Amino acid sequence: MHVQPAQTQATANRIACRETELTIKPLATGEEAEVLAFLAARPIHTVIMAGMIYDNGVVSTLNRGTFHACRNSAGELEGVALIGHVTMLETHHDTALRLFAELARQNEYGHVIIGEQERIEQFWNFYSLPGQKARLMCRELLLEQNTIPPVYNPIELRLATLADRELIAPVHAQMAFEESGINPLERDPEGFRRRVARRIELGRVWVVVEGDKIIFKADIQSETREQIYLEGIYTNPDQRGKGIGRRCISQLSRMLLETNDSICVLVNERNPAVKGFYLKTGFELRGFYDTIYVGQ
């Protein structure tokens, strides 16, 4: 198992842009409130980063990367980025985008870059070296549901327990493999099982289990006061076409929307059937995202 250092010497150095007086440096414990207020301006687009900060703080190995702030000469935030296994950013400042890209290029642990289409296209132009190609690039659709869906026949949807971990882990790993070409259960079995267990312990995994089979699964990857981001939504292939997935996602949405304003998901553009499934259950298109896999 590879353990990512919290900060390498190269990324520990402050990066300055003289012509615009912008500086980038790692965030420190105690800066959470300021950063969360900055991210809250666009909650649907920043839910993953904000959720990590709510769960772990800005400095934690659980983030699998380092949060950085870009500030102007007055010390005001112009951008926030997580650079690590997953790289994400929030900024409307082109120079900040370039500085984040230059910093991310030094990150030897990078696996995937995720963000809004136009921003990530610019980011990639700054990030990539001449002739460099991504391992895999995906266009994704950001879908949101903020109205309570109609009632369908209830199903035995429940929170997962640690006893379910060995049923959940291979299902989630296979989904990751189908999307990225890398199976985390093969690459880092101990770390992956530990991350699955933590998500279960946080009460973030919902399942329908019959015997020794997962019939349905959905993960709350990230949660803020305004937004919930779902991933890893799975219906057993033997049960597809029977309406079980629609019943489950509608039932889950009703429960989650009792306490949160909105639910969002990312759907691969190459999967029109999955897009149709969400649209039928009340989700609406909110934007286009790019996901770039850079790790080997």
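One can find the structure itself at the top, above this paragraph.
Residues numbered from 1 in each chain as written. Predicted model: local features only at pLDDT ≥ 70, side-chain atom pairs only at ≥ 80, totals over all residues. Heavy atoms only, no water.

Student: Please clarify how the overall build of the protein chain should be interpreted in this entry.
Tutor: In terms of regular secondary structure, the protein chain is built from ten helices and 13 strands. Taken over the C-alpha trace, the protein chain has a radius of gyration of 19 Å; the compact-globule value for 296 residues is 19 Å, and the two agree within 12%. Projected onto the principal axes, the alpha-carbon positions of the protein chain cover approximately 60 × 40 × 40 Å. Out of the 296 residues in the protein chain, the part that is buried amounts to 51%. In the protein chain, 70% of the contacts between residues at least 6 apart in sequence involve partners at least 24 apart. Surface accessibility of the protein chain: about 14,500 Å² in total, with carbon and sulfur atoms responsible for 50%. (Helix = DSSP H or I, 4+ residues; strand = E, 2+ residues; numbered from the N terminus. Rg over C-alpha atoms; globule rule 2.2 N^0.38 Å. Buried < 20%, exposed > 50% of the residue type's maximum accessible area, 1.4 Å probe, protein only. Contact = heavy atoms within 4.5 Å. Areas by Shrake-Rupley, 256 points an atom, 1.4 Å probe, with all protein chains shown as cover.)

Student: How should I be thinking about the pattern of salt bridges in this particular structure?
Tutor: Pairs may arise between side chains of opposite charge once their charged atoms sit close together. Summed over all chains, the structure comprises 21 salt bridges. Put simply, Glu-284 and Arg-286 hold a salt bridge, and the shortest N to O gap is 3.1 Å. By relative accessible area, Glu-284 is classed as partly exposed at 42%. Each of the salt bridges in this network shares a partner with another, and the network as a whole consists of Arg-199, Lys-217, Asp-219 and Glu-231. (Salt bridge = Lys/Arg side-chain N within 4 Å of Asp/Glu carboxyl O.)

Student: Explanation requested: the environment of Ile-113 in the structure shown.
Tutor: If you trace the backbone, Ile-113 turns up in strand S6 (residues 112-116). Between the C-alpha atoms of Ile-113 and Pro-184, which are 71 residues apart in sequence, the distance is 17 Å. Leave out the neighbours within four places in its chain, and Ile-113 touches Thr-87, Ile-120, Phe-123, Trp-124, Tyr-127, Asp-290, Thr-291, Ile-292 and Val-294.

Student: What's the story with the state of the cysteines in this structure? I'm lost.
Tutor: What makes a disulfide is a covalent bond joining the sulfur atoms belonging to two cysteines. Evaluation of the coordinates by the stated rule reveals zero disulfides. Cys-248 carries a free sulfur, and the closest cysteine sulfur to it, the one in Cys-264, is 20 Å from it. Relative accessible area serves as the criterion here: at 0%, Cys-248 is assigned to the buried category. (Disulfide = S-S within 2.5 Å.)

Student: In this structure, what is going on with the nonpolar core? I would like to understand it.
Tutor: Soluble globular proteins tend to pack their nonpolar side chains together in the buried interior. One finds Phe-67 and Met-88 to be the most contacted residues of the largest nonpolar core, which totals 28 residues. Top element by residues in this core is helix H3 (residues 43-56). It accounts for seven residues. Residues contacting Met-88, with those up to four places away along its chain left out, are Ile-48, Met-49, Met-52, Val-80, Ala-81, Leu-82 and Ile-114. The next biggest cluster of nonpolar side chains, apart from the first, holds 24 residues, and it includes Ala-218, Leu-252, Val-265 and Val-267. (Core = buried A, V, L, I, M, F, W, Y, C linked by side-chain atoms within 4.5 Å.)

Student: Any chance you could explain helix H4 (residues 94-105) here in plain terms?
Tutor: For an α-helix, the turn length of 3.6 residues means that residues three or four places apart are oriented alike. Between its terminal C-alpha atoms H4 stretches 17 Å, which fits the 16 Å expected from twelve residues at 1.5 Å a residue. Those residues of H4 not exposed but buried are Thr-95, Ala-96, Leu-97, Leu-99, Phe-100, Ala-101, Leu-103 and Ala-104. (Expected span 1.5 Å × (residues − 1).)

Student: What is the right way to look at the pairing of strand S10 (residues 213-223) in this model?
Tutor: A regular strand carries its side chains on alternate faces of the sheet. Of all eleven residues making up S10, nine are buried, and the element is well covered by its neighbours. Note: strand S9 (residues 205-210) against S10, six bridges, orientation antiparallel. Looking at S10, one finds that Val-209 is bridged to Ile-214. Where S9 hands over to S10, the hairpin turn is made up of two residues, of which Gly-211 adopts a positive phi near 65 degrees. Two elements, S10 and strand S11 (residues 227-235), share six bridges in a ladder whose sense is antiparallel. Bridged to Lys-217 within S11 is Tyr-234. Between the antiparallel neighbours S10 and S11 lie three residues. (Pairing = 2+ DSSP bridges.)

Student: In this structure, what is going on with the pairing of S11? I would like to understand it.
Tutor: Here S11 lies mainly inside the structure; eight of its nine residues are buried. Viewed along the sheet, the connection from S11 through helix H9 (residues 244-256) into strand S12 (residues 262-268) turns out right-handed. (Right-handed = clockwise from strand over helix to strand, strands pointing away.)

Student: Just to check I follow, could you spell out the packing of aromatic side chains for this structure?
Tutor: We describe a pair of aromatic rings using the distance from one ring centre to the other and the angle between the two ring planes. Considering all chains together, one arrives at four aromatic pairs under this definition. Ring geometry for Phe-123 and Tyr-127: centres 5.9 Å apart, planes at 20 degrees, overall stacked. Remark: Tyr-127 and Phe-123 occur in helix H5 (residues 117-127); sequence separation between them is four residues, near one turn of the helix. For Tyr-127, a relative accessible area of 8% translates into the label buried. Measuring from ring centre to ring centre gives 5.4 Å for Trp-124 and Tyr-127, while their planes differ by 25 degrees; the resulting arrangement is stacked. One end of the pair, Trp-124, and the other, Tyr-127, are both in helix H5, three residues apart, so they sit about a helical turn from each other. Owing to a relative accessible area of 10%, Trp-124 belongs among the buried residues under this scheme. An aromatic cluster is built from Phe-123, Trp-124 and Tyr-127, whose rings are joined through pairwise contacts. (Phe/Tyr/Trp six-rings, centres within 6.5 Å; stacked < 30°, edge-to-face > 60°.)

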